[in-house]
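# Descriptive analysis of the structure
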Amino acid sequence: FILNGVVLVVAYLLGSIPTGYAIALWFYGIDIRAEGSGSTGATNVLRTCGKLPAIMVLAVDILKGVAAIAMVFWVYSLNETRQIATMAGIDSPQVLAYSIATLSGLIAVFGHTMSIWIGFKGGKSVATSLGILFALNWLLALATLIVFGVVLAVSRIVSLSSIAGAITIAALMIITGQPLPYQIFVIAAGTYVIWRHRSNIERILQGTEPRIGQKLSADP
Ligand code: G3P
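Now for a description of the structure that goes with this document. (Residues numbered from 1 in each chain as written. Predicted model: local features only at pLDDT ≥ 70, side-chain atom pairs only at ≥ 80, totals over all residues. Heavy atoms only, no water.)

## Notes on the overall build of the chain
- In terms of helices and strands, the chain carries eleven helices and zero strands.
- The order of α-helices and β-strands along the chain, N terminus first, is α-α-α-α-α-α-α-α-α-α-α.
- Relative to all contacts within the chain whose residues are 6 or more apart in sequence, the contacts with residues 24 or more apart total 67%.
- For the chain, the accessible area works out to roughly 10700 Å², and carbon and sulfur atoms hold 71% of it. (Helix = DSSP H or I, 4+ residues; strand = E, 2+ residues; numbered from the N terminus. Contact = heavy atoms within 4.5 Å. Areas by Shrake-Rupley, 256 points an atom, 1.4 Å probe, with all protein chains shown as cover.)

What follows is the structure, given as C-alpha cells:
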C-alpha cells in the first residue's frame with residue numbers, strides 16, 4: 001500500500017518537472033506562463049522562444065511520460081511491456097500493477113498541467129501523454145502520432161492536431177480491445193487533455209487559433 005502511494009507521488013513529481021518554464025526562464029529570462037497561450041508546453045515555447053528550446057521541452061516532456069510508466073513496470077517487475085501491446089486481457093495477479101500503471105500515467109498527466117513547483121500552472125500534457133502511450137503500447141502511439149502529423153500538416157494548428165490525437169488513441173485502444181485499464185487511461189486522460197484545450201477550442205471556432213509560426217493575437 002505504501003509502495004503504491006510512493007509510486008503515485010513519484011509519478012506526480014515526474015509530471016510536475018516544469019521543463020518549459022525552466023528552459024524559458026534559464027535561457028531567455030522569460031516567464032512562459034505570462035507569454036502566448038500561457039502554457040508551459042513545447043508549442044508555447046516554440047512561439048515564444050524558438051525551435052531548439054521547443055525541441056528540448058518536447059523531448060524531456062515525452063521522457064517524463066515514459067519514465068512514469070517505466071518506473072511502475074520496474075517497481076512491479078513487469079518485464080513484458082512489449083507483449084502488452086498485443087494482449088487482449090490481463091492476468092489477474094497483474095491487475096493491480098497495470099491499474100497502478102494507468103493511475104500513475106493519469107497522475108503524471110495531471111502533474112504536468114498543475115506543477116507543484118510553479119504555482120500549479122503547467123502545460124496541456126500532450127507530449128507527456130504521448131510518452132505514456134509509447135510506454136504502454138508503442139504501436140498505437142505511433143499510429144496516433146501519424147494522425148497528429150497529418151492533421152498538423154494540413155491545418156498547421158498544433159492544438160487541433162492534439163485534440164485529433166486524443167480522440168484517435170481512445171478509438172484505437174477500444175477498437176483493438178486493449179486491456180481495460182489502458183482504455184480507461186485514454187478516455188480519462190483524453191477528456192482531461194481536451195478540456196485543457198478549451199481556450200484553444202474557442203479560438204479554433206472563432207478562426208483565431210494561431211497556426212505554426214503565427215503569434216497569438218492576445219500576445220502582448
Ligand atoms: O501541446 C499543446 C498544444 O496542443 C497547444 O498549445 O500553447 O497552442 O495552447 P498552445
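Following the structure, the description resumes.
## So, the packing of aromatic side chains
- In this structure the tally under the stated criterion is three aromatic pairs.
- Seen in terms of ring centroids, phenylalanine 110 and tyrosine 192 are 6.2 Å apart; in terms of plane orientation they differ by 40 degrees. Their pairing is tilted. A residue pair is termed long-range when its members are at least 10 positions apart, and phenylalanine 110 in helix α6 (residues 95-113) and tyrosine 192 in helix α10 (residues 180-196) qualify at 82 residues.
- On the accessibility criterion, tyrosine 192 (18% relative accessible area) is buried.
- Cluster of aromatic residues (ring-pair linked, three or more members): Tyr12, Phe110, Tyr192 and Trp195.
- Sitting over the ring of tryptophan 195, arginine 198 keeps its end group 3.8 Å from the ring centre. (Phe/Tyr/Trp six-rings, centres within 6.5 Å; stacked < 30°, edge-to-face > 60°. Buried < 20%, exposed > 50% of the residue type's maximum accessible area, 1.4 Å probe, protein only. Lys NZ or Arg CZ within 6 Å of the ring centre and 35° of its normal.)

## Regarding the site of the ligand
- Every residue close to the ligand is listed here: Ser37, Ser39, Thr43, Asn44, Arg47, Lys124, Val126, Val158, Ser159, Ser162, His197 and Asn200.
- Between the ligand and the protein, one listed contact pairs an oxygen atom with a side-chain N or O atom of arginine 47 at 2.7 Å.
- Histidine 197 places a side-chain nitrogen or oxygen 2.7 Å from an oxygen atom of the ligand.
- Within the complex, the protein chains bury 93% of what would otherwise be the 300 Å² of accessible surface of the ligand.
- For the shell around the ligand, the secondary structure elements donating two or more residues are α3 (42-48) and α9 (158-175).
- The residue inventory of the shell around the ligand, partitioned by class, reads two nonpolar, eight polar and two charged. (Near = heavy atom within 4 Å. Polar contact = N/O pair within 3.5 Å; in protein donor to acceptor, adjacent residues only side chain to side chain. Nonpolar A, V, L, I, M, F, W, Y, C, P; charged D, E, K, R; others polar.)

## Comments concerning a nonpolar patch on the surface
- Among the surface-exposed residues, Trp138, Leu139, Leu142, Leu145, Ile146, Val150 and Val154 lie close enough to one another that they form a single nonpolar patch of about 670 Å² accessible area.
- With respect to the helices and strands, leucine 139 occurs in helix α8 (residues 138-155).
- We classify leucine 139 as partly exposed; its relative accessible area is 49%. (Patch = residues over 30% accessible without salt bridge, like charges linked within 9 Å, V, L, I, M, F, W, Y side chains within 5 Å. Salt bridge = Lys/Arg side-chain N within 4 Å of Asp/Glu carboxyl O.)

## Focus on the side chain of glutamine 178
- Along the chain, glutamine 178 falls in the loop between α9 and α10.
- Among the polar contacts made by the side chain of glutamine 178, one reaches the side chain of threonine 176 at a distance of 3.1 Å.

## A word on the packing of helix α7 (residues 126-136) against α10
- Between α7 and α10, whose axes approach to 11 Å, the crossing angle comes to 170 degrees. It follows that α7 is roughly antiparallel to α10 by the angle criterion. Of the residues in α10, those touching α7 at Val126, Ser129, Ile132, Leu133 and Leu136 are Tyr182, Phe185, Val186 and Val193.
- Of the residues contributing to the contact of α7 with α10, the split by class is eight nonpolar, one polar and no charged. (Axes fitted to C-alpha atoms, helices over the stretch in contact; angles between N-to-C directions. Parallel < 35°, antiparallel > 145°, perpendicular 65-115°, else oblique.)

## Things to note about the environment of threonine 102
- Mapped onto the elements of the fold, threonine 102 is located in helix α6.
- Classification of threonine 102 by relative accessible area gives buried; the value is 6%.
- Residues threonine 102 and isoleucine 69, spaced 33 residues apart in sequence, show a C-alpha to C-alpha distance of 8.1 Å.
- Leaving out residues up to four positions away in the same chain, threonine 102 has contacts with Pro181, Tyr182 and Phe185.

## Details of the pattern of salt bridges
- The final tally for this structure, using the stated rule, is three salt bridges.
- As a salt-bridge pair, aspartate 31 and arginine 33 come within 3.0 Å of each other at their nearest N and O atoms.
- For aspartate 31, a relative accessible area of 29% corresponds to the partly exposed category.
- By relative accessible area, arginine 33 is classed as partly exposed at 28%.

These results come straight from atomic positions and should not be treated as a statement about function.
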